[in-house]
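Spelled out from the first residue to the last, the chains are:
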Amino acid sequence: MFDWNDLRYFLELQRSGRLLTAARRLNTTHATVARHIEAIEKSLGTALFVQHAQGYELTPAGESLLKHAEAMENVALLAQEDITQSSAPLGKIRVGVTEGLGIMFLASRMEGLFQRYPGLEVELVAVPRFVSILNREAEISIHLERPVADLLVTRKLTDYSLALYASQAYLDRSPPLRSREDLARHAWIGYVDDLLFSQELMFLNSFCRNPQVVFHSTSVIAQQQAARSGLGIAVLPCYMASSDPALVPLLPDETIRRSYWISTRRELHKSVRLRVLWDYVVQLCEREQGLLLP
């Protein structure tokens, strides 16, 4: 059995990505952090991190350990909260999230959280822009890109797939679509390029070198509605479009993968009301991998 205390160092190195940063946050030396990581790796018989120029990243074994380490940390925090007279996490927590994930995925899957914690109040800020937790627009934020600010605790929430969709009415009146080469002859639906809040949304050229975009919107839900009405082809998250009876999936081999990252300010990460929501969203995405990555 490894020393449970080593998990503190494991979690801090995972969250900061660098030995010196982890050491500073733990009020110790980088050699001490490295020694604790080596000890737990020796006990488990496997490497937990690989080192790159950008810092330390988890190995598959480290990813497996992460969910257990976070669960143990959460149990300790819940015990502390219980002992200090706050036996149930009550109060308001605000989550900033991209529009598609917030409206089309999270909003309809929150019932289990409120059944368990009826005193919790959630504000879901689901907008087509970046919601800043450093500027205190929200306590938790879900991003398309990994934040690099030193004041944040961040982890990958999930990968997700995007694919091509159009209405049957559009397909019936348009040129045949049998291969990637046919896409250049079709009408497209996309984002407003100069208002993109993330470079991760620049994906039309991944499918077609010179797409003929006839309709632009900052809203992915507006793009979905435009595709349903027959305006053209849209690139949509599969969790949004795969169950929409008004849309037809196109060229099943032509998909792309992106990621969501979840973050909070470091001083809030030990808040129990924040952690129950954080853990609920993480576990929800783990359960719904078949929808997020069909």
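Keep in mind the model is a prediction, meaning the values are calculated, not measured.

### Notes on the overall build of the protein chain
Here comes step 1: Of the regular secondary structure elements, the protein chain holds eleven helices and eleven strands.
Here comes step 2: Counting only C-alpha atoms and orienting by the principal axes, one finds that the protein chain spans roughly 65 × 45 × 35 Å.
Here comes step 3: Scored against the burial criterion, the 294 residues of the protein chain give a buried share of 49%.
Here comes step 4: Taking the contacts inside the protein chain whose residues are at least 6 apart along the sequence as the reference set, 75% of them involve residues at least 24 apart.
Here comes step 5: When the accessible surface of the protein chain is summed, it comes to about 14900 Å², and 51% of that surface belongs to carbon and sulfur atoms.

### Quick word on the environment of R155
Here comes step 1: Secondary-structure assignment places R155 in strand β6 (residues 152-166).
Here comes step 2: Residue class for R155 comes out buried when judged on its relative accessible area of 9%.
Here comes step 3: For R155 and C238, which are 83 residues apart along the polypeptide, the C-alpha to C-alpha distance reads 22 Å.
Here comes step 4: Apart from the residues lying within four places of it in its own chain, the contact partners of R155 are Q14, L66, E70, W261, I262, W278 and V282.

### What to know about helix α8 (residues 220-229)
One full turn of an α-helix is made of 3.6 residues, so residues set three or four places apart face in the same direction.
Here comes step 1: Among all positions in α8, only V220, I221, Q223, Q224, A226 and A227 are buried.
Here comes step 2: Taken together, the buried residues of α8 touch α5 (99-106), β6, β7 (187-190), β8 (212-216), β9 (233-237) and α9 (238-241).
Here comes step 3: Measuring from the backbone nitrogen of I221 back to the side-chain oxygen at the start of α8 gives 3.2 Å, which picks out S219 as the cap.
Here comes step 4: Positive backbone phi, at 100°, marks G230, one or two positions downstream of α8.

### Observations regarding the UniProt feature "domain: HTH lysR-type" (unreviewed entry) in the protein chain
Here comes step 1: In the numbering used here, UniProt assigns the feature "domain: HTH lysR-type" (unreviewed entry) to residues 2-59.
Here comes step 2: As a span, residues 2-59 carries 59% helix and 14% strand, and end to end its C-alpha atoms are 18 Å apart.

### Notes on the environment of D6
Here comes step 1: Tracing the chain through its elements places D6 in helix α1 (residues 6-16).
Here comes step 2: Judged by relative accessible area, which is 5%, D6 ranks as buried.
Here comes step 3: It is 8.8 Å that separates the C-alpha atoms of D6 and V33, two residues lying 27 residues apart in sequence.
Here comes step 4: Excluding its chain neighbours within four sequence positions, the residues that come into contact with D6 are H36, A39 and I40.
Here comes step 5: Side-chain polar atoms of D6 contact the side chain of H36, separated by 2.6 Å.

### Some points on the packing of α1 against helix α2 (residues 19-26)
Here comes step 1: It is at 8 Å that the axes of α1 and α2 come closest, and there the two elements cross at 125°. The pairing of α1 with α2 is recorded here as oblique in orientation. Crossing angle aside, the handedness with which α1 passes α2 is right-handed. Here α1 contributes R8, Y9, E12, L13, R15 and S16 to the contact with α2, which in turn contributes L19, T21, A22, R25 and L26.
Here comes step 2: The residue makeup of the contact of α1 with α2, split by class, is five nonpolar, two polar and four charged.

### Quick word on the layout of surface pockets
Here comes step 1: Its volume calculated, the largest pocket comes out at about 910 Å³.
Here comes step 2: As for the largest pocket, its lining consists of 35 residues, and the residues nearest its centre are Q14, R146, R155, K156 and W261.
Here comes step 3: Of the residues in the lining of the largest pocket, the class split is 13 nonpolar, ten polar and twelve charged.

### Describing the packing of aromatic side chains
Here comes step 1: The final tally for this structure, using the stated rule, is six aromatic pairs.
Here comes step 2: Between Y191 and F203 the ring centres are 6.2 Å apart and the planes differ by 70°, which places this aromatic pair in the edge-to-face class. Placement of the pair is Y191 in the loop between β7 and β8 and F203 in the loop between β7 and β8, with a sequence separation of twelve residues.
Here comes step 3: Its relative accessible area of 12% is what places Y191 among the buried residues.
Here comes step 4: Owing to a relative accessible area of 3%, F203 belongs among the buried residues under this scheme.
Here comes step 5: The structure contains a cluster of three or more aromatic residues connected by ring pairs, namely F105, Y160, Y239 and Y260.

The rules we used
Residues numbered from 1 in each chain as written. Predicted model: local features only at pLDDT ≥ 70, side-chain atom pairs only at ≥ 80, totals over all residues. Heavy atoms only, no water. Helix = DSSP H or I, 4+ residues; strand = E, 2+ residues; numbered from the N terminus. Buried < 20%, exposed > 50% of the residue type's maximum accessible area, 1.4 Å probe, protein only. Contact = heavy atoms within 4.5 Å. Areas by Shrake-Rupley, 256 points an atom, 1.4 Å probe, with all protein chains shown as cover. Polar contact = N/O pair within 3.5 Å; in protein donor to acceptor, adjacent residues only side chain to side chain. UniProt positions renumbered as here; feature names shortened; annotations may be inferred. Axes fitted to C-alpha atoms, helices over the stretch in contact; angles between N-to-C directions. Parallel < 35°, antiparallel > 145°, perpendicular 65-115°, else oblique. Left-handed = near helix turned anticlockwise from the far one by under 90°. Nonpolar A, V, L, I, M, F, W, Y, C, P; charged D, E, K, R; others polar. 1 Å grid on protein atoms, 1.4 Å probe; cavity = no way out; pocket = protein on both sides within 12 Å on 5 of 7 lines; lining within 4 Å. Points joined across faces, edges and corners; volume = space filled by probe spheres on them. Phe/Tyr/Trp six-rings, centres within 6.5 Å; stacked < 30°, edge-to-face > 60°.

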